[in-house]
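Each chain, letter by letter, is given below.
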Amino acid sequence: RIETVILTCIFLTGSASAQRPDRMTWWREARFGMFIHWGVYAQLAGVYNGHEQLRGGAEWIMNRSKIPVAEYQAYAKVFNPVKFDAGEWVRAAKDAGMKYIVITAKHHDGFALFKSAASKWNIADATPYGKDVLKPLAEACKKYGVKLGFYYSQAQDWNNPGGAAARKVAAEGWLNPDSAKIDAYTKEHNGHWDPVQETATFAQYIDEVAVPQVKELMTNYGDVAVLWWDTPTNMTDDAALKLQALLKLQPDIITNDRLKRPNFPGDTKTPEQKIPNLSELDGKDWETCMTMNGTWGYRTSDNNWKPAETLIRNLCDISSKGGNYLLNVGPKPDGTFPQQSTDALKAIGSWMRVNGEAIYATKASPLPELAWGRCTRKDDKTSTTLYLSVFEWPKDGKLVVPGITLAATKVTLLAGGKVLQSHDNNGQLVIDLPARPPGKPASVVKVTLKGK
Ligand code: JFZ
């Protein structure tokens, strides 16, 4: 039966990391990356016809404000990011301690940040800027040693069928809907957008837009380290298999679990805007993606920026659970980062220059949950090193570490290297700390234990 054949193919071609675990090594050691959401929606910046978009990220404004396709596309005619400097973006990520970048090559509005032969709805053909931005970004990533990944919205494309259906799919949990149902729903619901759709059916959109565009992304930009699919519903197995087959063009590429659920698991799980509890972890690689301010795309009027301290503690928390942190920046229509993003990235970079050893190439904590902070670990042949990120500095100067069964041979502060005294107290390690922490929002104590 065809389903058996498909599922057998999927099983055999599923996550390649099962065959080549080393492929994941750089990703697991990286721990920290930059998400970039950028496109025509930055031009609207969360406001349409004088009304502020109230629900969802500013990158959803076409949908949330029901902007007719032709009207939305007119905004591209004034989208001209003359201050875009790929080197500036990559240096900002690198200086913040980020080891990879994932950028929205094409988000749900269908607008491509690259010159595409499959659709004229792209930055090179539809804007006065008139140039592909992924190429200079790829060159800058190569120059500065930062891995490059592409986000691609394969199932939702509001310039083609399937867009409205995807929303119903997400809302009503249509899993594995057949394309006829998608097409019928789309025709019934996309009409209010006066669509200038390029294709008539979902299957045609997949064959004539999504597959050729993903092939362009896998072919024209050198090494691509990550393919970040989005909208795992509203997909058919046939469409998912066609897209997955393109990964052979980048044999070491890492993909996430959003191509199609549940039978296309990819390499990494993608909890969104939340850090999983230990009980939710199942041993599979995972990456939490988060915004700094509640919107993925740029929005002028927003004031709920998370303080850098929170972002740093998130990084410690995520690393202590063995996950990666993909922190988002939504660039402005002129091609520069919002000042709040730049300031946060600089603060994180300052902390990482002192404490990055406690994040990079670490594994999850072996300790019970810690009330005062988080722990990460590294193992070598004869010893284990624990990195204790102390958020709440003990007032009595005694740091009590539960669950330590090995002898501590050396205890130091990462900031400055000061050697600290410690003693065992019935399976708890008690460390004598200086009166004040050397830094905020987390000071790291490095503990070397003999044995494993
Ligand atoms: C999706 C996009 O709709 C959004 O614009 C952004 O790109 C984000 C990174 O991904 O949003 C999601 C996707 C999945 C969930 C929630 C929002 N989810 O699984 O709860």
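Remember, it's a predicted structure, so these values are computed and weren't measured experimentally.

**Student:** What am I meant to see in the site of the ligand here?
**Tutor:** Close contacts around the ligand come from Phe35, His37, Glu59, Trp60, His107, His108, Tyr151, Asp230, Arg258, Glu272 and Trp296, and that covers them all. Within the side chain of Glu59, an N or O atom sits 2.6 Å from an oxygen atom of the ligand. Note that an oxygen atom of the ligand is positioned 3.3 Å from one of the side-chain N or O atoms of Arg258. The fraction of the free accessible surface of the ligand (450 Å²) that becomes covered by protein chains is 68%.

**Student:** Can you walk me through the packing of aromatic side chains in this structure?
**Tutor:** How two aromatic rings sit relative to each other is set out by the distance from centre to centre and by the angle between their planes. Throughout the structure, instances matching the rule amount to 18 aromatic pairs. Ring centres of Phe32 and Tyr325 lie 5.8 Å apart, and the angle between their planes is 20 degrees; on these two criteria the pair is classed as stacked. Here the residue Phe32 occupies a position in strand β1 (residues 32-36), and Tyr325 occupies one in strand β9 (residues 324-329), the gap between them amounting to 293 residues. No difference in accessibility class separates Phe32 from Tyr325, as the two residues are buried. Centroid distance Phe79 to Phe111: 6.1 Å. Interplanar angle 90 degrees. Geometry classified as edge-to-face. Of the two residues, Phe79 is situated in the loop between α5 (69-74) and α6 (86-95) and Phe111 in the loop between β4 (100-106) and α7 (123-126); the sequence distance between them amounts to 32 residues. Above the plane of the ring of Tyr221 lies Lys135, whose end atom (NZ or CZ) is 4.9 Å from the centre.

**Student:** It is not clear to me how the side chain of Thr104 should be interpreted in this structure. Could you clarify?
**Tutor:** One can find Thr104 in strand β4. Within the structure, the side chain of Thr104 is placed 3.1 Å from the backbone nitrogen of Trp38, a separation counted as a polar contact.

**Student:** How should I be thinking about the side chain of Thr268 in this particular structure?
**Tutor:** Here Thr268 shows up in the loop between β7 (254-255) and β8 (287-290). Apart from the residues within four sequence positions on either side, Thr268 is in contact with Met24, Trp27, Ile254, Thr255, Asn256, Asp257, Lys284 and Asp285.

**Student:** Help me understand the nonpolar core in this model?
**Tutor:** General note: in soluble globular proteins, nonpolar side chains tend to be found buried as a group. In terms of nonpolar packing, the biggest core is built from 97 residues, with Leu134 and Phe150 touching the most fellow members. Considering each element in turn, this core owes the most residues, 9 residues, to helix α11 (residues 202-219). Core analysis: the second largest hydrophobic core is formed by 20 residues, Leu367, Leu386, Leu399 and Val411 among them.

**Student:** When you look at the pattern of salt bridges in this model, what are you seeing that I'm missing?
**Tutor:** Opposite charge on two side chains permits pairing when their charged atoms draw close. On inspection of all chains with the given rule, the structure shows 18 salt bridges. With a closest N to O distance of 2.7 Å, Arg28 and Asp285 form a salt bridge. In this pair, Arg28 sits in helix α2 (residues 25-30) while Asp285 sits in the loop between β7 and β8, placing the two residues 257 residues apart along the sequence. Residue Arg28 is classed as partly exposed on the basis of its relative accessible area, which comes to 32%. According to the relative accessible area criterion, Asp285 is buried, its value standing at 13%. Residues participating in the shared-partner salt-bridge network are Lys115, Lys120 and Asp125.

**Student:** Any chance you could explain the packing of α6 against helix α8 (residues 134-144) here in plain terms?
**Tutor:** Helix-helix packing: each pair is described by the crossing angle between the helix axes and the interaxial distance. Running from N to C, α6 and α8 cross one another at 45 degrees; their axes reach a closest spacing of 8 Å. Comparing the axis directions of α6 and α8 gives the class oblique. Every pair of crossing elements has a handedness; the one defined by α6 and α8 is right-handed. In this structure, α6 contributes Ala86, Gly87, Trp89, Val90, Arg91 and Lys94 to the contact, and α8 contributes Pro136, Leu137, Ala140, Cys141 and Tyr144.

**Student:** What am I meant to see in the sheet that holds strand β11 (residues 383-390) here?
**Tutor:** Hydrogen bonds between backbone atoms are what pair the strands of a sheet, whose relative direction is either parallel or antiparallel. The sheet built from 4 strands is open, its strands ordered β10-β11-β16-β13 with antiparallel pairing. Each edge of the open sheet carries a strand with a single partner, namely β10 (373-379) and β13 (408-413). Between one strand axis and the next, the sheet turns through 20 degrees on average, direction left out of account. In terms of strand pairing, β10 meets β11 through 7 bridges, oriented antiparallel. Paired with Asp379 across the strands is Thr384, a residue of β11. Those strands touched by helix α13 (residues 308-320) are β10 and β11, and its axis lies near 50 degrees from that of β10.

**Student:** What is the right way to look at the UniProt feature "site: May be important for catalysis" (unreviewed entry) in the chain in this model?
**Tutor:** UniProt feature "site: May be important for catalysis" (unreviewed entry): in the numbering of this structure it lies at Cys289. For Cys289, the location among the structural elements is in strand β8. Look past the residues within four positions of Cys289 in its chain and what remains in contact with it is Phe35, Trp228, Arg258, Pro271, Glu272, Gln273, Trp296 and Leu326.

**Student:** Sorry if this is basic, but what is going on with unusual backbone geometry here?
**Tutor:** The phi torsion of most residues other than glycine is negative, and most of the peptide bonds are trans. A cis amide bond, omega 0 degrees, links Arg261 with the succeeding residue Pro262. Mapping Pro262 onto the fold places it in the loop between β7 and β8. With a phi close to 65 degrees, Arg31 is a non-glycine residue in the positive phi region. For Arg31, the position within the fold is in the loop between α2 and β1.

**Student:** It is not clear to me how helix α12 (residues 237-245) should be interpreted in this structure. Could you clarify?
**Tutor:** In an α-helix, one turn spans 3.6 residues, which is why side chains three or four residues apart end up on the same side. Taken as a whole, α12 has its buried residues at Asp237, Ala239, Ala240, Leu243 and Gln244. All buried residues of α12 project into a common sector of 160 degrees when viewed along the axis, lining one side.

**Student:** Would you explain the environment of Lys269 in this entry?
**Tutor:** Within the secondary structure, Lys269 is located in the loop between β7 and β8. Taking relative accessible area as the criterion, Lys269 reaches 30% and is therefore assigned partly exposed. When the C-alpha atoms of Lys269 and Gly294 are compared, they prove to be 21 Å apart, with 25 residues separating the residues in sequence. In contact with Lys269, other than residues within four places in its own chain, are Asp257, Asp282, Lys284, Asp285, Trp286 and Glu287.

Cut-off values and rules
Residues numbered from 1 in each chain as written. Predicted model: local features only at pLDDT ≥ 70, side-chain atom pairs only at ≥ 80, totals over all residues. Heavy atoms only, no water. Near = heavy atom within 4 Å. Polar contact = N/O pair within 3.5 Å; in protein donor to acceptor, adjacent residues only side chain to side chain. Areas by Shrake-Rupley, 256 points an atom, 1.4 Å probe, with all protein chains shown as cover. Phe/Tyr/Trp six-rings, centres within 6.5 Å; stacked < 30°, edge-to-face > 60°. Helix = DSSP H or I, 4+ residues; strand = E, 2+ residues; numbered from the N terminus. Buried < 20%, exposed > 50% of the residue type's maximum accessible area, 1.4 Å probe, protein only. Lys NZ or Arg CZ within 6 Å of the ring centre and 35° of its normal. Contact = heavy atoms within 4.5 Å. Core = buried A, V, L, I, M, F, W, Y, C linked by side-chain atoms within 4.5 Å. Salt bridge = Lys/Arg side-chain N within 4 Å of Asp/Glu carboxyl O. Axes fitted to C-alpha atoms, helices over the stretch in contact; angles between N-to-C directions. Parallel < 35°, antiparallel > 145°, perpendicular 65-115°, else oblique. Left-handed = near helix turned anticlockwise from the far one by under 90°. Pairing = 2+ DSSP bridges. UniProt positions renumbered as here; feature names shortened; annotations may be inferred. Arc of directions from axis to C-beta.

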